[in-house]
Amino acid sequence: MRKFCFASAKAHSMIQIAAFLMARFPNVQACPMGMELGEMLEQVGFDENEIGKTLLFLQLLEEHEYAITQAINPQPHSMRIYHPDELKYLSDDVLDFLQFLQKEHLIQTGQREFIIYALMYLPEDDITLDVAKTLALLVLWAHNIEVPVFIQDELNVLLPRPNLMQ
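The rules behind these values
Residues numbered from 1 in each chain as written. Predicted model: local features only at pLDDT ≥ 70, side-chain atom pairs only at ≥ 80, totals over all residues. Heavy atoms only, no water. Phe/Tyr/Trp six-rings, centres within 6.5 Å; stacked < 30°, edge-to-face > 60°. Helix = DSSP H or I, 4+ residues; strand = E, 2+ residues; numbered from the N terminus. Buried < 20%, exposed > 50% of the residue type's maximum accessible area, 1.4 Å probe, protein only. Axes fitted to C-alpha atoms, helices over the stretch in contact; angles between N-to-C directions. Parallel < 35°, antiparallel > 145°, perpendicular 65-115°, else oblique. Left-handed = near helix turned anticlockwise from the far one by under 90°. Contact = heavy atoms within 4.5 Å. Nonpolar A, V, L, I, M, F, W, Y, C, P; charged D, E, K, R; others polar. Expected span 1.5 Å × (residues − 1).

Student: So what exactly am I meant to see when it comes to the packing of aromatic side chains here?
Tutor: When we look at a pair of aromatic rings, we describe it by the centre distance and by the angle of the planes. This model, assessed by the stated rule, comprises four aromatic pairs. Relative to Phe 46, the ring of Phe 20 has its centre 5.5 Å away and its plane inclined at 65°; by these criteria the two rings are edge-to-face. Here Phe 20 is found in helix H1 (residues 12-24), whereas its partner Phe 46 is found in the loop between helix H2 (34-44) and helix H3 (48-63), with 26 residues between them in sequence. Overall, Phe 20 belongs to the buried group, its relative accessible area being 5%.

So this is what it looks like as structure tokens:
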């Protein structure tokens, strides 16, 4: 089994925002939204660009909640065919990571599709494996799915606070 780690500094701030939100709020429903959340994150000292990406993602998550949770799961041997634009912008590492999450039953089809949808909203240079991991982490949190241990461990390494995810 391939282990994906959150080592890049580029998404570090977005990972910190995700960890901050998960440590403060039990789920996305308890989290303030929009400008209130943006102001709170600014006061804490997060990067404005990373705040913007996180707010966009949370807004998309809220707008598409029904589609995410009601997506029909494919047959066990079916295969996802990617649009040429998706193949152009999503690296093999990102696609492998999403396949890994779904194969391990950490995300469902609708959640995978949502992560792809959200990634396609970002500028091409911002679509990285670390950003995909962070979006997956936020989807798990938003749907009250227990965050896998390997992600908890990585976040605890990045943000040395005891029991960050508990």
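Let's pick the thread back up.
Student: What exactly am I supposed to notice about the packing of H3 against helix H7 (residues 109-121) here?
Tutor: When two helices pack together, you describe them by how their axes are tilted relative to each other and by the distance separating the axes. Axis separation between H3 and H7 bottoms out at 10 Å; the angle between their running directions is 140°. The angle between H3 and H7 places the two elements in the oblique class. Regarding H3 and H7, the two cross each other, and that crossing is right-handed. Across the interface between the two elements, Leu 56, Phe 57, Leu 60 and Leu 61 of H3 pack against Phe 114, Tyr 117, Ala 118 and Tyr 121 of H7. Class assignment of the residues belonging to the contact of H3 with H7 gives a composition of eight nonpolar, no polar and no charged.

Student: Help me understand helix H8 (residues 129-142), please; the structure alone is not making it clear to me.
Tutor: Every α-helical turn comprises 3.6 residues, leaving residues that sit three or four positions apart pointing alike. With 14 residues, H8 ought to run about 20 Å at 1.5 Å a step, and its terminal C-alpha atoms sit 20 Å apart, in line with that. Directly after H8, the chain includes Asn 144, whose backbone phi takes a positive value near 55°.

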